[in-house]
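# Remarks on the overall topology
Spelled out from the first residue to the last, the chains are:
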Amino acid sequence: MSFSMFTTPSARSEKLVRDAAQCQVLTCTPDVSLKTATAMMQAENCSSIVVVTDRVPVGIWTEADALRIDFTDSASLNRPVSAFMSTALHTVEMTATLDDAALEFRRQSIRHLIVTDQANELQGILSQTDVVMHQNAEFFLSMTEIDALLPVRLTITLDQQQMISDAVGLMREHSQDALVVTARGEPAGMLTQRDLVRLIGEGHRDRPLADVMSTPLISVPRSMSLLATRSLMQKRCIRHIGVNDDAGTFIGLISFGDILNNIEQTYVRRLRAALANQSADLQDAAQQLHMAHTLIEASMDGIMVTNDDGIIESINPAFSILTGYSESEALGKKASLISSGKHDAEFYQQMWHSINTQGQWKGEIWNRRKNGEVYLEWLTITRILEPNSGRSLYAGIFSDITERKKSEQIIENLAYYDALTKLPNRQLLFDRLDVALAGAHRDCCNLALLFIDLDHFKRINDTLGHTIGDKVLIETANRLKNIIREGDTLARIGGDELILMLTEVSDADTVGRAVHRISECLQQPVIVEDNELYVSASIGCAIYPEDGQDRETLLKNADIAMYRAKQTGRNTFHFYSSKMDELSHLHLKMESRLRGALANNELFLEYQPKRALDSERIVGVEALLRWQDKELGRVPPDQFIPLAEDLGLINEIGSWVLDQAAQQCQRWQAEGIDDLHVSVNVSALQFKQQAVIGQVEKALKHSHLQPSLLDIEITESCLLEDLKSVSRSLRHLRNLGLSISLDDFGTGFSSLSMLTQLQVDYLKIDRSFMQGIPGDPDSEMLVSTIILMAKNLGFKVVAEGVETAEQMAFLKDKDCDQIQGYYFSKPVSAGRISEMMLPAAVV
């Protein structure tokens, strides 16, 4: 048994560079641009590229060199790679040992060695990862926890709002190859040198870390074995992984390099030292055998030695502790004494084939204790040849890894399942979708992706809080899980967005039935903490292969179809069509064009008059924003104004509208048109970002306009953001002398309590309420009630959308103050307003 323990390092030390080196090396010439070189690395999933001239290495550019790049200078990406490569090359020969290579990595603080022949020509490359993956230290790694490495490295963090250049500077300053990206102080992702290579290859300039970081940040408990950790990192193709303490709090990062250092510094230093003593004299050998026997007796691992017939000849105390069999009960019995019966004959055939051909087998195996309990163990069986008798003995070393496997399963679930809903997450969906696409291609059948977005879910979070919102999501997910077919996948990809993958889709009716089941299960209200909430969904569908033949295209087109469902009123369903794709491209083009609309003088204002019903005079105008694009033509406001809000342009555009409207009103004053008020619509975002007060003050200062002639129109959506903050802003504006109008009244969520807290002068009745007036009793009663309520609260009333003389007569009879609509005038230019007003002014 002692031979088994001390021969493992010997076998390991004989591994040479040629056993692990990669002979297919990614290369380029010195004149290739840095952007092209990194794109090649990304395409080949390489961590380095060797710069060669006539097969002779002249330099190397690795992920570590990405820290030298200035991401704020886009021109640097197009410079030749020779300007950034490392010319101090570290080489190794094919016949060198992996131990020597590992020592060179530590001595030079590098991660790559170039393998050359005697003529200095390139033969291959060896990375730290190659050495880690070829270390025969599985048993040691399985028994060593991450905790043995801690603290292993300095872990630096940076907020996700910071830029790439900030991260590069910080990594360079602390000589780190990765940092943790945080959101509100909590780990949200990671940025590594490999990410920087990807960004360079894709030509990205300086951007916030939130846009480019790798997510999710996979973390493991500090009690996890190094073997399991290495296996998980290999499976996920990552070189860094987070570590949590016993409470689940993030405490740092470890890397492949850290595992390599631990193997070399601990395992090799201690056990290999014992191996060196094998060449000592007989007295030393006897002492070593005695020490080995003592170690075997004290070992926490179970050890069993059998003969060629499988009869147990010796065990150690740990064997009895782990299996329950005493020495007297085990000796002389077959090793099958502890067999679980869970493995078939083929399993044991492969095991003995490995032992007979390689002298050793190692792996996971189920065995049974004396009390009948089945447990999982890590077992190494080594064949030992007795020097005197020449007979073969077989030494088995095993440890119980049941709890460790349970921990690894928990980590696996965290990596592939959504923590809130327990649905598959984005990564598991992608894995299953790729498999399903391959099967659909092979069998020439269809599959469908349904993109499900819950309607107005943000309103639940904003009104009732995220705790209620989370419970609604959980209940909705549970309902949907109960109505999907076996073989289909329902996944949560973020927020309130779900994806349902339907396999074996024979026709459109299959999708229709699935959508019908979804709609039916969402019809019943969700009861959460005495709140009765109704949830609906907008659903878009893309079908393979008609709507896309790869994962990205199908997801994009299902998203486009879902967006179309939202545009057509929500709580509905749409199949993808090429027309939708055209609309999506038009939306992207509109986004690009809108960014330059203000600078290109493509925005202008039109003005719709407001008429007083008592004097039948024009008493004010509403400034309406218009966009005339050179390529797109005239773009409707209901398309580009929400887009401006999404793009963060609304503050700049809103400030420009205030400035232009105030200056025009002042010009009308100069023309002799007195007491003409101008109303300007202000976005909820301008209030939310507390920009509107400064914008109004600037507009009044530039135009020298009397404040009482400027009216600010807000919508009810402003009130939902932050009523107290909005009220303070409105109070400040009224103190300046402005008037305030509440636009589109009745279409939102205003309450009487809200209205009493607001500093408002006018209520504007939405145009939708004018339909059916006169003649429709319900519409007449609703409008009459709004006017009466406004009068009782001291507000004046403006009715929008007045298109007939009968509507005007009805409103005048109900004591409405002003009207606005096509019956009196459509929106017109400023010059036309002058023509309409000046005759009245002359009279």
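Remember, predicted model here, so these are calculated numbers, not experimental data. Sequence order sets the numbering: in each chain, residues are counted from 1 along the sequence as written. Since the coordinates come from a predicted model, pLDDT governs what is reported: local features require at least 70, and pairs of side-chain atoms require 80 or more to be given and counted, while whole-chain, interface and lining totals use all residues. Hydrogens are left out, water is left out, and the side-chain values use all remaining heavy atoms of the structure.

## Focus on the overall build of the protein chain
Stated formally: Working definition: helices are DSSP H or I runs of at least four residues, strands are E runs of at least two. Numbering for both runs from the N terminus. The buried label goes to any residue with under 20% of its type's maximum accessible area, the exposed label to any with over 50%, and the partly exposed label to all in between, with areas taken from a 1.4 Å probe on protein chains only. Contact criterion: two residues are considered in contact whenever any of their non-hydrogen atoms come within 4.5 Å of each other. Using the Shrake-Rupley algorithm and a 1.4 Å probe, accessible areas are obtained, with residue cover drawn only from the displayed protein chains.
Counting secondary structure elements, the protein chain contains 32 helices and 33 strands. Buried residues in the protein chain amount to 49% of all 843 residues. The long-range fraction of contacts in the protein chain, counting pairs at least 24 apart against all pairs at least 6 apart in sequence, stands at 63%. Surface accessibility of the protein chain: about 40500 Å² in total, with carbon and sulfur atoms responsible for 49%.

## Quick word on the sheet that holds strand β5 (residues 112-116)
The test is simple: Strand pairing is assigned whenever DSSP identifies at least 2 bridges connecting the two strands.
Within the open sheet, the three strands sit side by side as β4-β5-β6. Their pairing is mixed. What marks the edges here is a single partner per strand, and that holds for β4 (91-92) and β6 (122-127).

## Some words on the packing of helix α17 (residues 426-443) against helix α21 (residues 551-567)
Spelled out, the test is: With axes taken as lines fitted to C-alpha atoms, and helix axes fitted only over the stretch in contact, angles between N-to-C directions fall between 0 and 180 degrees. Under this scheme an angle from 65 to 115 degrees is roughly perpendicular, one under 35 degrees roughly parallel, and one over 145 degrees roughly antiparallel; angles in between are oblique. Note on convention: the crossing is left-handed when the near helix lies turned anticlockwise from the far helix by less than a right angle, right-handed when the turn is clockwise. Here the term charged refers only to Asp, Glu, Lys and Arg, the term nonpolar to Ala, Val, Leu, Ile, Met, Phe, Trp, Tyr, Cys and Pro, and the term polar to all other amino acids, Gly among them.
For the pair α17 and α21, the least separation of the axes is 10 Å and the interaxial angle reads 110°. One finds that α17 runs roughly perpendicular with respect to α21. Read as a crossing pair, α17 and α21 show a hand that is right-handed. Residues Phe430, Leu433, Asp434 and Leu437 of α17 pack against Arg551, Leu554 and Leu555 of α21. Partitioning the contact of α17 with α21 into residue classes produces five nonpolar, no polar and two charged.

## So, the pattern of salt bridges
Our working rule: A carboxyl oxygen of Asp or Glu within 4 Å of a side-chain nitrogen of Lys or Arg is what we treat as a salt bridge.
Applying the stated rule across the entire model yields 35 salt bridges. Between Arg111 and Glu63 there is a salt bridge, and its shortest N-O distance comes to 3.5 Å. With Arg111 in the loop between α4 (98-108) and β5 and Glu63 in the loop between β3 (56-62) and β4, this pair connects stretches of sequence that are 48 residues apart. Glu63 gets classed as buried once you look at its relative accessible area, which sits at 1%. A salt bridge links Arg442 to Asp443; the nearest nitrogen and oxygen atoms lie 3.4 Å apart. Through salt bridges with shared partners, one network takes in Glu63, Arg111, Asp177, Arg194 and Arg239.

## A word on the confidence of the model for the protein chain
Keep this limit in mind: Each residue carries a pLDDT score, the predictor's own confidence in it, on a scale running from 0 to 100.
Residues with a pLDDT of 70 or more make up 88% of the protein chain, whose mean pLDDT is 83. Contacts from residues 1-13, a stretch scored under 50 in pLDDT, to residues over four places away or in other chains number 40 contacts. Across residues 278-282, confidence stays below pLDDT 50; counting only partners more than four residues off in sequence or on other chains, it has two contacts.

## What to know about the nonpolar core
Our working rule: The criterion is simple. A nonpolar core is a set of buried Ala, Val, Leu, Ile, Met, Phe, Trp, Tyr and Cys residues joined through side-chain atoms within 4.5 Å.
Leu594, Tyr607, Trp668, Val696, Ile712 and Leu811 are the most contacted members of the largest nonpolar core, which has 77 residues in total. No other element matches helix α24 (residues 650-670), which puts eight residues into this core. Those residues in contact with Leu811 that lie beyond four places of it in its chain are Leu613, Met770, Val783, Ile787, Ala799, Val802, Cys816 and Ile819. In this structure, Val32, Val51, Ala66 and Met171 belong to the second largest nonpolar core, which totals 34 residues.

## Some remarks on unusual backbone geometry
Looking along the chain, the bond that leaves Thr215 and enters Pro216 is cis, with omega of -5°. Here Pro216 is to be found in the loop between α9 (209-212) and β10 (219-221). With an omega dihedral of 5°, the bond running from Tyr544 to Pro545 counts as a cis peptide bond. In this fold, Pro545 is placed in the loop between β23 (537-544) and α21. We note that Lys422 has phi near 65°; this positive angle belongs to a residue other than glycine. Note that Lys422 resides in the loop between α16 (402-416) and α17.

## Section: the side chain of His112
Keep this limit in mind: Distance and chemistry together define a polar contact, namely a pair of N or O atoms within 3.5 Å, with one atom able to donate a hydrogen and the other to accept it when in protein, and with adjacent residues in sequence counting only for side-chain atoms on both sides.
Within the element layout of this structure, His112 appears in strand β5. At 2.7 Å, the side chain of His112 and the side chain of Ser47 are in polar contact. Here His112 is in contact with Ser47, Ser48, Ile60, Thr62, Phe105, Ile125, Leu126 and Ser127, once residues within four sequence places are set aside.

## Some details on helix α8 (residues 193-201)
Burial analysis of α8 places seven of its nine residues in the buried class, which makes it a mostly covered element. Burial in α8 covers these residues: Gln193, Asp195, Leu196, Val197, Leu199, Ile200 and Gly201. Buried positions along α8 lie against α3 (34-44), β3, α7 (164-174), β9 (186-192) and α9. Where α8 ends, the next residue or the one after it, Gly203, has phi of about 75°, a positive value.

## Considerations on the pairing of strand β8 (residues 178-183)
Note on strand geometry: in a regular strand, side chains alternate between the two faces of the sheet. The buried fraction of β8 amounts to six of the six residues, a majority that puts the element mostly inside the structure. Of the two faces of β8, the one carrying Ala178, Val180 and Thr182 and the one carrying Leu179, Val181 and Ala183 are both buried. Two elements, strand β7 (residues 157-159) and β8, share three bridges in a ladder whose sense is parallel. Its bridge partner lying in β8, Leu158 is registered against Val181. Looking at chain direction, β8 and β9 are connected through six bridges and run antiparallel. Of the residues in β9, the one forming a bridge with Leu179 is Leu191.

## A closer look at the packing of aromatic side chains
Basically, it comes down to this: A pair of aromatic rings is counted whenever rings of Phe, Tyr or Trp (Trp by its six-membered ring) have centres within 6.5 Å, and the orientation is called stacked for planes under 30 degrees apart, edge-to-face for over 60 and tilted otherwise.
Enumeration according to the criterion identifies seven aromatic pairs in this entry. Where Phe319 meets Phe398, the ring centres are 5.8 Å apart and the plane angle is 80°; that geometry is what we call edge-to-face. On the criterion of sequence distance, the pair formed by Phe319 in helix α13 (residues 317-323) and Phe398 in strand β17 (residues 392-400) is long-range, its members being 79 residues apart. According to the relative accessible area criterion, Phe319 is buried, its value standing at 0%.

## Brief notes about the packing of α24 against helix α26 (residues 692-703)
Orientation of α24 relative to α26, taken along the N-to-C sense of each, is 35°, at an axis distance of 9 Å. For α24 against α26, the interelement crossing comes out right-handed. On α26, the residues touching Asn651, Gly654, Ser655, Leu658, Asp659, Ala662, Gln663 and Gln666 of α24 are Gln695, Val696, Lys698, Ala699, His702 and Ser703. Partitioning the contact of α24 with α26 into residue classes produces four nonpolar, eight polar and two charged.

## Some points on the sheet that holds strand β11 (residues 240-244)
Taken in spatial order, the three strands of this open sheet run β10-β11-β12, and their pairing is mixed. A single partner strand is all that each edge strand has here, and the edge strands are β10 and β12 (250-255). In this sheet, adjacent strand axes meet at a mean angle of 35° when their direction is disregarded. Direction of pairing for β10 relative to β11: parallel, over a ladder of three bridges. Along β11, the bridge assignment pairs Ser219 with Gly242. Sitting on the sheet, helix α10 (residues 226-236) is in contact with β10, β11 and β12, with an inclination near 135° to β11.

## Remarks on helix α23 (residues 637-646)
For clarity, the cut-off: Working definition: the arc comes from the directions between the helix axis and the C-beta atoms, pointing outward to the latter.
Those residues of α23 that sit buried are Phe640, Leu643 and Ala644. Seen from one end, α23 has its buried residues packed into an arc of 105°, which puts them on one side. Facing away from the buried surface of α23 by more than 90 degrees, the exposed residues are Asp638 and Asp646. After α23 finishes, the residue Gly648 shows a positive phi value of roughly 75°.

## Overview of the side chain of Thr182
Looking at the secondary structure, you find Thr182 in strand β8. Contacts of Thr182, omitting those with residues within four sequence positions, involve Thr157, Leu158, Asp159, Gln160, Pro187 and Ala188.

## Side note on the pairing of strand β2 (residues 48-53)
Worth spelling out the cut-off: Crossover handedness is defined here as right-handed if the route from the first strand over the helix to the second strand goes clockwise, with the strands pointing away from the viewer.
With respect to burial, β2 is a largely interior element, five of its six residues being buried. The sheet contact formed by strand β1 (residues 27-28) and β2 spans two bridges and is parallel. Note on β2: the bridge partner recorded for Thr27 is Val50. For the segment spanning β1, α3 and β2, crossover handedness is right-handed. In the sheet, β2 pairs with β3 via six bridges, with the strands oriented antiparallel. The residue bridging Thr53 from the neighbouring strand is Val56, located in β3.

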